[in-house]
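Architecture and fold: a report
Take a look at the letters that make up each chain.
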Amino acid sequence: MAREGAQPRAVLVIGDGDWNLGPSPVLAASRLAAADVPVFAIGVGAERPLPDIELTAVRAPAYALADEYVSIPFTARSYLNDPARVNVVLLEEGIERARREVMLPALGQVSSAIGFAPSREGDRMFSIRIVPHPDETREDNNVQSFRMGVRREVIQMLIVETEPRWEYRYLRNAAMRDRGVNVRTVLLHPFLRPGGGPGYLPAFPRTRDELSRYDVVFLGDIGIGQGGLTEEQAQWLKELVESQASGLVFLPGPSGRWVTLADSALGSLIPVELEPDRPRGHGLQIEGRLALTALGRDHLLTMLAPSPEQNVRIWAGLPGFFWYAGALKAKPGTEVLAVHAQARNEYGRIPLIVAQRAGSGKVLYMGIDSAWRWRRGVEDLYHYR
């Protein structure tokens, strides 16, 4: 052993190639190399993993609605040499609520989902557990726990739009069919009176307190100014999201009125940088397609299937669009979930579905106006999700 303060002649490392304390050994090895101190490594352990089954990921929502079915995606990996049929169990405070059988390929992984309709309200611990297989060597990595709140409430939704375009109509109709949603809509137009009928408001909420009752607000092709929102109302919406943890969804449209929001208090909440010379967006002669990003493949917002692989196939088969908003790029700190499959600029592919946190709330940007087409042949299955 070298004396204290003396430079060692060499360093001998014995290990399995991993570490569990402190920074990476590569940093120490780099410093030793700079000091011309050789490092000799002796590997120990098996070259192949021990026979095992591991629950590698669980993507649970923060909360669920009582008596409404919630699906929780998970991923399991097998280090067994043969295919294995295992049972996956969903536990609520240690009590089994759901069970499903999954086939794991040899030395492979499977992404799937398990779910149930919780009935008890409150904030409780849940866990997903793989029942131990007789051939695996350890069981401590077969379970993952998470906390999820269960609420018995009706979501208060507000939709603000200029004209009753198709995107608006199908969104409103889908929300009105859901017993867990109480939807109110308001149509504001510079040259027309506000729309009327069941669920319609005669005007945008007149006070901050009136607006505070809504859990989520959809802003369509609505702008600032005559027949639109006021600067004060834009500030109310920003406070609703950042301070009250409500959600805000931007649904731009081809009239281009929504771009005036960028110069209001809501500008900082728009997750993308707008294309200054294309306020009306881009019309297409040939149907455009959405492409999921690596993040969007298994993001809770864009999961239409239990596994990322199935999810990509479903999105690739969804009906496309003939218009998209003019956006240069996503802002820093946002989550880009889907982009234009073909169109790109100097920043890369055009972002079309982008999410971000804003204070204690969340914001979603949807840069197309054809999500209603996803109902073709399957009704609400994908459009409502």
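Residues numbered from 1 in each chain as written. Predicted model: local features only at pLDDT ≥ 70, side-chain atom pairs only at ≥ 80, totals over all residues. Heavy atoms only, no water.

Moving on, we come to the sheet that holds strand E20 (residues 335-345). An order of E12-E11-E13-E14-E22-E21-E20-E17 is seen for the eight strands of this open sheet, with the pairing classed as mixed. In this open sheet, the two edge strands, each paired with only one partner strand, are strand E12 (181-187) and strand E17 (290-292). Each neighbouring strand pair of the sheet contributes to a mean axis angle of 20°, computed without reference to strand direction. Of the strand pairs in this sheet, strand E11 (residues 155-161) and E12 are connected by seven bridges, and their pairing is parallel. Its bridge partner being in E12, Ile-155 is matched across the sheet by Val-181. Here helix H2 (residues 166-177) sits on the sheet and contacts E11, E12 and strand E13 (216-219); the angle it forms with E12, its principal contact strand, is near 150°. Against the sheet, helix H4 (residues 231-244) makes contact with E13, strand E14 (247-250), strand E21 (348-358) and strand E22 (361-366), and its axis sits at roughly 120° relative to E22, the strand it touches most. (Pairing = 2+ DSSP bridges. Helix = DSSP H or I, 4+ residues; strand = E, 2+ residues; numbered from the N terminus. Axes fitted to C-alpha atoms, helices over the stretch in contact; angles between N-to-C directions. Contact = heavy atoms within 4.5 Å.)

Okay, the packing of aromatic side chains next. What the rule picks out here adds up to seven aromatic pairs. With a centroid separation of 6.0 Å and an interplanar angle of 35°, the aromatic rings of Trp-166 and Tyr-170 are classed as tilted. On the criterion of helical spacing, the pair formed by Trp-166 and Tyr-170 is a turn pair, its members being four residues apart in helix H2. The class for Tyr-170 is partly exposed, based on a relative accessible area of 25%. When the centroid spacing of 6.3 Å and the interplanar angle of 75° are considered together, the rings of Phe-321 and Tyr-324 count as edge-to-face. Residue Phe-321 is classed as buried on the basis of its relative accessible area, which comes to 1%. Overall, Tyr-324 belongs to the buried group, its relative accessible area being 7%. Ring-pair connections join several aromatic residues into one group, and the members of that group are Phe-116, Phe-126 and Phe-146. Positioned above the aromatic ring of Tyr-63 is the side chain of Arg-151, whose terminal nitrogen or guanidinium carbon lies 3.8 Å from the ring centre. Here Arg-169 stacks its cationic end above the ring of Trp-166, 4.9 Å away from the centre of that ring. (Phe/Tyr/Trp six-rings, centres within 6.5 Å; stacked < 30°, edge-to-face > 60°. Buried < 20%, exposed > 50% of the residue type's maximum accessible area, 1.4 Å probe, protein only. Lys NZ or Arg CZ within 6 Å of the ring centre and 35° of its normal.)

All right, on to the sheet that holds strand E8 (residues 109-116) then. Within a sheet, adjacent strands bond to each other through the backbone by hydrogen bonds, running parallel or antiparallel. Pairing within the open sheet is antiparallel, and its three strands lie in the order E3-E5-E8. Of all the strands in the sheet, the pair left with one neighbour each is strand E3 (53-58) and E8. For this sheet, the mean inter-axis angle between neighbouring strands, taken without regard to orientation, is 30°. Bridging between strand E5 (residues 70-78) and E8 involves eight bridges; their strand directions are antiparallel. The partner of Pro-73 across the bridge, within E8, is Ala-113.

Shape is all these values report; function is a separate question.
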